Amino acid sequence: MPSYTAPVRDVMFLLNEVLGFDRHGNLPGFADATPDLLEAILNEGARFCQEELAPLNATGDREGCTRHDDGSVTTPKGFRAAYDTYRENGWIALSMPEEYGGQGLPTTLNSVMQEFISGANLAWGMYPGLSQGAAAAIQVHGSAEQKALYLPKLATGEWSGTMNLTEPHCGTDLGLIKTKAVPQGDGTYRISGQKIFISAGEHDLTENIVHLVLARIEGAPEGTKGISLFIVPKFLPDADGKPDARNAVSCGSLEEKMGIHGNATCVMNYDEATGWLIGEENRGLNAMFVMMNEARLAVGVQGLAQSEVAYQNALAYARERLQGRALTGPKNPDGKADPIIVHPDVRRTLLSIRAFNEAARALVLWTALQSDISHRSSDKGEAQAADDHMGLMTPVIKGVLTDKGFENAVAAQQMLGGHGYIEEWGMSQFVRDARITMIYEGANGIQALDLVGRKLPRDGGRAVMAFFNEVGTFLKEISGDETLAPLAGPLKVGLDDLQKATMWFMSNAMTKPDNAGAGSTDYMHLFGIVALGYMWARMAKSAQAALASGADGDKTFYETKLTLARYFMERHMPETGLRLARVSAGADTMMGLDAAAF
C-alpha cells in the first residue's frame, strides 16, 4: 500500500523564511495567520489527508463511481464520510469571505491544502476544489441575490459546484458551443444542450450541485462574443433557499477514464433546464475565466502533488530494495546486496524529482501569495503588480508543473522496476492520475500559446519585464556572496537565455505568427526553468542565513536545501540553452511538410 506524508516542514520554511508571509500582516485575513496558527492549521490538514484521504486513494481507484438507472451517481466507499468530516471541520471555507460564512484566511493556505489533498487523493480532492472555483466566479460576477443564495452554501460545503464548458464537438474553441439559452421573460432561461467531461457533475456528497454553464442566448452573435454564463442548480431553490424541485439536468453517462476513477466525470444533459444569467449577456467567457484561472492554478498544484507522492514512494522503495553493489564498494557489507539508493543513476532520478518538487512548491506559494495581494491590498500599484504576476505565471504553473509532474511520476515508477508496473504497488495510479493534469483546464499546448501570444505582449510586456527586473535585481544582491556564486552564475545564464528567446519572438513572431506557435512550448518550459531556478536561489539564500544564525538545531535541513539548489543549477538549468536553440529555430522546417506527407 503506497503512503503519503504532507510536506508541512517544507511549507513552513517557504512561508516563514523565504516568502516573508508575515510581512503582509496589513492585508485582511493575514493578521490572525500567525506562524503558530499556520503550523497548527497545516498539521491538522496534514493529519486529515494522511489518515482519512490517503487510505481511500487506491480503493477509490479500484471501485470508481457508479451511475444508477435514475441517473444518480454513487462515489466510492468512504468518500462521503471523508467529505462530511472535511466539510464539518470548515476546510472548504478556509479562505472564503467571512461575510458568506468563510474564515477569510489567506488564499495561500488554501493552495497548501490543495497540494496536501491532491497528493493524498487527487480524485477526491476534485469535488471540493471545483466548488471553490464556482464560488470565486459567483463572488466576482454574481448579483447580490445570487451571492446571498449560493455562496454560504458553497462555503459550508452543503452544496458543491461545477463548470460546464466542453461539448462533444468543441473543447478549446468555445466559440463553437451549441448549448442554447431561451429567455422566459421572468429573469430565467431555458438551457438546452449537452456538456461532456464534467468533473463532479453528479454525485452523492452534497444535497445540491450548482452547475455553471456556458450557453448562447437565442439571437446572440456567433463565436465567443455571443456566449453567456448561467447558474443551473440540480435542485431549484425554494423561497427559503432550500433544494426543492428537481431541475431538468441529468447525468447521461460516466466517462470511462484512464485515471481519477474516484471522481465522477459526467456527460451532462440539459433539457430546458431552468437557469439564471450570471454577469452580463454575451460576456460569459469573461465570467468563466475567473473560475478557469482558479482551476488552472489548482491543476498545476495537482501536477506537483502527484510528483511529490510518487517521489515519496519511490524513495521508500530505493532505501529498502537490495540490488547489486555500490560502484565504490559494499555499503551494506552484512547483506548480499546494497540498497539501490547507493547507485548514482538512482540518485539522479530521485534528486531530479525532489529538486523540481521543492522549487515548484515555492513557485506555487509565491504565486498564491501574489493572488492574496492582488485581491486584498489597498495599494493599487501593489495590487496591479501582483495581478500581473498571476496572469503571467498561470500558464507556466499549469503547463510546466503538470508536464513535469507526469514525467516525474513515470520516473518514480521506474524506480520500482517491474513492481512499478504492478497495480498493488500504487505507482501506476500516480502515473494514470497525473496524465489528466496535462490535458484538462486547457491542454498544455494551449497554455504555451496563451503565454506567448497573450501574456507576454499584454500591457506592453509589463509583467514579463517586471519578472526580468526582479530576478536581475536579486542576482545583483547576491553577486558578492561566494557561497551563492555557484547558483548565481547558472541563473544569470538562464535569465539571459529567457530574455534572448523573448526578444527573438518580438523580432520574428509579429510578421510570422507560426514562429510563435512553433516555439511556444519550449519557451514555456524555458520560462519555467528560470522561475524554478529563481526559487532555488531564494531558498538557498534563506537556508544559508539560517545556518549562519545557528539553524535552531536543524542543520541537516538547511544543508540539504543548499545541496538541492546546487543540483538543480548543475543538472537542470543548462536546459535553457537547449530550449533557446529550439525557439530560435523558427517554424520553417516544422511547417514545411504538406499535411498529406505526415
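Residues numbered from 1 in each chain as written. Predicted model: local features only at pLDDT ≥ 70, side-chain atom pairs only at ≥ 80, totals over all residues. Heavy atoms only, no water.

Q: Explain the overall build of the protein chain here, please?
A: Looking only at helices and strands, the protein chain has 15 helices and eleven strands in total. Compactness check: the protein chain gives a C-alpha radius of gyration of 24 Å against a globular reference of 25 Å for 598 residues, within 12% of the reference. With the C-alpha coordinates aligned to their principal axes, the bounding extent of the protein chain is approximately 80 × 60 × 60 Å. By sequence separation, contacts in the protein chain at least 24 residues apart represent 73% of the contacts at least 6 residues apart. Counting only carbon and sulfur atoms, one obtains 51% of the accessible surface of the protein chain, whose full area is about 24,800 Å². Placing the 53 positive and 72 negative side-chain charges of the protein chain at their respective mean positions leaves the two points 5 Å apart. (Helix = DSSP H or I, 4+ residues; strand = E, 2+ residues; numbered from the N terminus. Rg over C-alpha atoms; globule rule 2.2 N^0.38 Å. Contact = heavy atoms within 4.5 Å. Areas by Shrake-Rupley, 256 points an atom, 1.4 Å probe, with all protein chains shown as cover. Lys, Arg positive; Asp, Glu negative; His and termini not counted. Charge placed at Lys NZ, Arg CZ, Asp CG, Glu CD.)

Q: Which parts of the structure should I look at to understand a nonpolar patch on the surface?
A: Taken together, the side chains of Tyr421, Ile422 and Trp425 make up a nonpolar region of the molecular surface, amounting to roughly 360 Å² of accessible area. Turning to its location among the elements, Tyr421 is positioned in the loop between α8 (380-415) and α9 (427-437). The class for Tyr421 is exposed, based on a relative accessible area of 70%. (Patch = residues over 30% accessible without salt bridge, like charges linked within 9 Å, V, L, I, M, F, W, Y side chains within 5 Å. Salt bridge = Lys/Arg side-chain N within 4 Å of Asp/Glu carboxyl O. Buried < 20%, exposed > 50% of the residue type's maximum accessible area, 1.4 Å probe, protein only.)

Q: What am I meant to see in helix α15 (residues 575-584) here?
A: In an α-helix, one turn spans 3.6 residues; hence positions three or four apart end up facing the same way. For α15, every residue scored as buried is listed here: Thr576, Arg579, Leu580 and Val583. Buried residues along α15 cover an arc of 100° about the axis, so they all sit on one side. Taken together, the buried residues of α15 touch α12 (485-508) and α13 (513-548). Looking one or two places after α15, you find Gly586, whose phi comes out positive at around 75°. (Arc of directions from axis to C-beta.)

Q: Looking at this structure, I do not really get unusual backbone geometry. What am I missing?
A: A negative phi angle characterises most non-glycine residues, just as the trans form characterises most peptide bonds. The backbone phi angle of Ile260 is positive, close to 40°, even though this residue is not glycine. In this structure, Ile260 sits in the loop between β10 (249-254) and β11 (265-278). The exposure class assigned to Ile260 is buried, which follows from its relative accessible area of 4%.

Q: What exactly am I supposed to notice about the nonpolar core here?
A: Soluble globular proteins tend to pack their nonpolar side chains together in the buried interior. One finds Phe116, Phe467 and Tyr523 to be the most contacted residues of the largest nonpolar core, which totals 185 residues. At 17 residues, the largest contribution of residues to this core is made by α13. Residues contacting Tyr523, with those up to four places away along its chain left out, are Leu451, Val452, Leu456, Val464, Leu498, Ala501, Thr502, Phe505 and Val583. Within the second largest apolar cluster, six residues are counted, among which are Leu122, Ala123, Ile260 and Tyr440. (Core = buried A, V, L, I, M, F, W, Y, C linked by side-chain atoms within 4.5 Å.)

Q: What's the story with the pairing of strand β9 (residues 243-246) in this structure? I'm lost.
A: Successive side chains on a regular strand alternate, one facing one side of the sheet and the next facing the other. Sheet topology note: the strand β8 (residues 235-237)/β9 ladder contains two bridges and is antiparallel. Its bridge partner lying in β9, Pro237 is registered against Pro243. (Pairing = 2+ DSSP bridges.)

Q: How should the environment of Thr74 be read in this particular structure?
A: Examined against the element boundaries, Thr74 turns out to sit in strand β2 (residues 73-74). It is 5.6 Å that separates the C-alpha atoms of Thr74 and Asp204, two residues lying 130 residues apart in sequence. Each residue touching Thr74, except ones within four places of it in the same chain, is listed here: Cys65, Thr66, His68 and Asp204. At 2.6 Å, the side chain of Thr74 and the side chain of His68 are in polar contact. (Polar contact = N/O pair within 3.5 Å; in protein donor to acceptor, adjacent residues only side chain to side chain.)

Q: What should I look at first to understand helix α3 (residues 79-88) in this one?
A: By the burial criterion, the buried members of α3 are Phe79, Ala82, Tyr83 and Tyr86. For α3, the arc enclosing every buried residue in end-on projection is 100°, short of the 170-degree limit, so these residues lie on one face. In this structure, α3 carries Ala81 and Glu88 as exposed residues pointing more than 90 degrees from its buried face. The elements touched by buried residues of α3 are α2 (35-63), α4 (107-141) and β3 (159-164). Just beyond α3, the residue with positive phi is Gly90, at close to 80°.

Q: Would you explain the packing of helix α6 (residues 284-320) against helix α7 (residues 344-376) in this entry?
A: In a packed pair of helices, the relevant descriptors are the angle between the two axes and the axis-to-axis distance. At a closest axis distance of 10 Å, the pairing of α6 and α7 adopts a crossing angle of 150°. Relative to α7, α6 is oriented roughly antiparallel. Note that α6 runs across α7; the crossing there is left-handed. Counting all contacts with α6, which are made through Leu297, Val301, Leu304, Ser307, Glu308, Tyr311, Ala314, Leu315 and Ala318, the residues of α7 involved are Val346, Leu350, Ile353, Arg354, Phe356, Asn357, Ala360, Arg361, Val364 and Thr367. Considering only residue class, the contact of α6 with α7 consists of 13 nonpolar, three polar and three charged. (Axes fitted to C-alpha atoms, helices over the stretch in contact; angles between N-to-C directions. Parallel < 35°, antiparallel > 145°, perpendicular 65-115°, else oblique. Left-handed = near helix turned anticlockwise from the far one by under 90°. Nonpolar A, V, L, I, M, F, W, Y, C, P; charged D, E, K, R; others polar.)

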